[in-house]
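Observations on chain architecture
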Amino acid sequence: MIVPFGHVLILATLLFLLGACCVVARRELLMILIGVEIMLNGAALAFVAAALRWQLADGQIFALFIIAVAAAEVAVGLALIVAARQRTGAMHGDDFNRLRG
Amino acid sequence: MNMNILAIIFYLLGALLLTTTALAVTRQQPVHAVLFLIVSLVTVALLFLLLGAPLLAAFQVILYAGAIMVLFLFVIMTMPDRDPGLDRFLRRRWLTPLFLCLLIGISMLLLIDLDPVATLDLAAARVEPRTFGALLFNRYWYAVELVSLLLFVGLAGAHYLGRQKS
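Just so it is clear, the model here is predicted, and its values are computed rather than measured. (Residues numbered from 1 in each chain as written. Chains lettered and ligands numbered in written order. Predicted model: local features only at pLDDT ≥ 70, side-chain atom pairs only at ≥ 80, totals over all residues.)

1. Focus on the overall build of chain A
Note the threshold: Secondary structure counts use DSSP, requiring at least four H or I residues in a row for a helix and at least two E residues in a row for a strand, with both numbered from the N terminus. The size measure is the radius of gyration over C-alpha atoms, and the globule rule it meets is 2.2 Å times the number of residues to the 0.38 power. Throughout, a pair of residues is in contact if the C-beta atoms placed from their backbones lie within 7 Å.
A count of helical and extended segments in chain A gives 3 helices and 0 strands. Overall, chain A shows an N-to-C arrangement of helices and strands of α-α-α. The C-alpha radius of gyration of chain A comes to 17 Å, more than 25% above the 13 Å expected for a compact globule of 101 residues. With the C-alpha coordinates of chain A rotated into their principal frame, the extents come out at 55 × 25 × 15 Å. Across chain A, the fraction of contacts at a sequence separation of at least 24, relative to all contacts at a separation of at least 6, is 44%.

Laid out in C-alpha cells, this is it:
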C-alpha cells in the first residue's frame with residue numbers, strides 16, 4: 001500500500017495548476033513554454049497513477065506518448081522563439097502585436 | 001492512517017515537487033527557472049519509480065531532464081542580454097490567474113473528494129520494461145508510428161524555422 005489514489009491526483013492537479021499559472025501570468029515566451037512543460041508533467045503523473053490504480057500498463061504508455069509529444073512541442077516552440085527573436089528582436093508575448101513578418 | 005515508508009517517501013517527494021515547481025515558476029531569470037525545473041522533473045521521475053514505472057522514470061531523466069532541458073539552456077545561453085526590468089514580478093498580473101486557478105483547483109479537489117475510487121489505497125506494483133515494450137509494440141504500434149511521424153514533423157518544422165535568410 002502506498003497512498004490513496006486521490007492524493008496522487010491532488011498532487012497532479014496542483015502541479016497542473018502551477019503550470020497553468022505560469023502560462024497565463026508570465027509574459028516571457030520561454031517561461032510560457034516552461035509552464036506548458038509543467039502542465040504536461042502533471043498530466044503524465046495522473047496517467048501513471050491511474051495505471052497503478054487499475055493495474056493496467058496502458059496508462060504508462062500514454063505517459064510515454066506525452067513525453068514524446070512534449071519533445072516535439074519544445075523543438076518547434078524553441079525554434080519559433082529563436083526565429084521570432086531574429087526577425088523582431090522581441091522576447092515577450094506582448095511585443096508580438098502585428099501580423100507582419 | 002497506516003503510514004509506511006512508501007507513503008512517507010511519496011509525501012516528501014510531493015512537497016519537494018511543489019516547492020521546486022513554484023520556485024521555477026516565479027523566477028525572473030529563465031536560467032534559474034530551468035535549473036529549478038530540472039530538480040522538479042527528476043522528482044517526477046522518482047515519483048514514476050515509486051508508482052511502478054521504472055522505464056518511464058529512466059525516459060523522464062534521459063529525455064526531459066536531459067535532452068529537453070539542455071535544449072532550453074542552449075537557447076537561453078544564445079540569447080543576448082535582456083532588459084532586466086521587463087519581466088518583473090507584478091502582483092496585479094498574478095492576481096487574475098491565481099484566482100482562476102483557485103476556482104479550477106477547488107472544483108477539481110471537490111470532484112476528487114467525491115469520487116469513491118479516489119479513497120482506495122494504491123497497491124505497490126511494477127511494470128517490467130519487457131512487459132512495457134511488448135505492450136507498446138503489439139497493441140500500440142500504430143500510435144508509435146504516429147508519434148514518429150509527429151517527431152519528424154517537429155524536426156522539419158524546426159529546420160524550416162531555423163533557416164537563414166539569404
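2. What about the interface of chain B and chain A?
Our working rule: Ten residue types, Ala, Val, Leu, Ile, Met, Phe, Trp, Tyr, Cys and Pro, are classed as nonpolar, four, Asp, Glu, Lys and Arg, as charged, and the remainder, Gly among them, as polar.
Across the contact, 70 residues belong to chain B and 55 residues belong to chain A. Those elements that provide at least two residues to the side of chain B that touches chain A are helix H1 (5-26), helix H2 (30-50), helix H3 (54-78), helix H4 (91-114), helix H5 (129-138) and helix H6 (141-161) of chain B. Partitioning the side of chain B that touches chain A into residue classes produces 54 nonpolar, 12 polar and 4 charged.

3. Considerations on the domain arrangement of chain B
Note the threshold: How far each domain reaches was decided by an automatic or database domain assignment.
Structurally, chain B comprises domain 1 (1-81) and domain 2 (128-166). Centre-to-centre, using C-alpha coordinates, domain 1 of chain B lies 23 Å away from domain 2 of chain B.

4. A word on the nonpolar core
Inside soluble globular proteins, nonpolar side chains tend to come together where they are buried. So the rule is basically this: Remark: nonpolar core denotes a set of buried Ala, Val, Leu, Ile, Met, Phe, Trp, Tyr and Cys residues whose joining runs through C-beta atoms within 7 Å. To sort residues by exposure, count the other C-beta atoms lying within 10 Å of each residue's C-beta; 20 or more gives buried, 12 or fewer gives exposed, and values between give partly exposed, all with C-beta atoms placed from the backbone.
In this structure, A:Leu45, A:Val48, A:Ala49 and B:Phe48 are the most contacted members of the largest nonpolar core, which totals 73 residues. Looking at this core, the elements with two or more residues in it are helix H1 (5-25), helix H2 (29-53) and helix H3 (58-88) of chain A together with H1, H2, H3 and H4 of chain B. Excluding anything up to four places from it in sequence, A:Val48 contacts A:Gly59, A:Gln60, A:Ala63, B:Phe48, B:Leu51, B:Ala53 and B:Leu56.

5. Examining the packing of H2(A) against H2(B)
The axes of two packed helices give the description: the angle between them and the distance between them. Quick reminder of the rule: The angle between two axes is taken between their N-to-C directions and runs from 0 to 180 degrees, where each axis is a line fitted to C-alpha atoms and a helix contributes only its stretch in contact. Just so you know how the angles are binned, under 35 degrees is roughly parallel, over 145 roughly antiparallel, 65 to 115 roughly perpendicular, and the rest oblique.
Interhelical geometry of H2(A) versus H2(B) gives an angle of 5 degrees and a closest axis separation of 11 Å. When the interaxial angle is binned, H2(A) and H2(B) end up roughly parallel. Across the interface between the two elements, A:Leu30, A:Met31, A:Ile34, A:Asn41, A:Leu45 and A:Val48 of H2(A) pack against B:Pro30, B:Ala33, B:Leu37, B:Leu41, B:Val44, B:Leu47 and B:Phe48 of H2(B). Grouping the amino acids of the contact of H2(A) with H2(B) by side-chain chemistry returns 12 nonpolar, 1 polar and no charged.

6. Quick notes on the packing of H1(B) against H2(B)
Residue and element names in this part refer to chain B. Stated precisely, the cut-off is as follows: Handedness of a crossing follows from how the near helix is turned relative to the far one, being left-handed for an anticlockwise turn of less than a right angle and right-handed for a clockwise one.
Between H1 and H2, whose axes approach to 8 Å, the crossing angle comes to 160 degrees. The orientation of H1 with respect to H2, classified from their angle, is roughly antiparallel. For H1 against H2, the interelement crossing comes out left-handed. Contacts from Leu6, Ile9, Phe10, Leu13, Leu16, Leu17, Thr20, Thr21, Leu23 and Ala24 of H1 reach H2 at Ala33, Phe36, Leu37, Val39, Ser40, Thr43, Val44, Leu46, Leu47 and Leu50. Classifying every residue of the contact of H1 with H2 gives 16 nonpolar, 4 polar and no charged.

7. Let's talk about the environment of A:Ala20
Among the secondary structure elements, A:Ala20 is positioned in helix H1. The buried category is assigned to A:Ala20, around which 21 C-beta atoms lie within 10 Å. Considering only alpha carbons, one finds A:Ala20 and A:Phe62, 42 residues apart in sequence, at a separation of 21 Å. Look past the residues within four positions of A:Ala20 in its chain and what remains in contact with it is A:Met39 and B:Cys101.

8. Regarding the environment of B:Leu149
Relative to the elements of secondary structure, B:Leu149 occurs in helix H6. B:Leu149 sits 134 residues away from B:Ala15 along the chain, and the two C-alpha atoms are 37 Å apart.

9. Describing the environment of A:Leu30
Mapped onto the elements, A:Leu30 comes out in helix H2. Under the C-beta neighbour-count criterion, A:Leu30 is labelled buried, with 21 such atoms within 10 Å. Taking C-alpha positions, A:Leu30 is 27 Å from A:Ile10, a pair spaced 20 residues apart along the chain. Beyond its immediate chain neighbours, meaning those up to four positions away, A:Leu30 contacts A:Ile81, B:Pro30 and B:Ile76.

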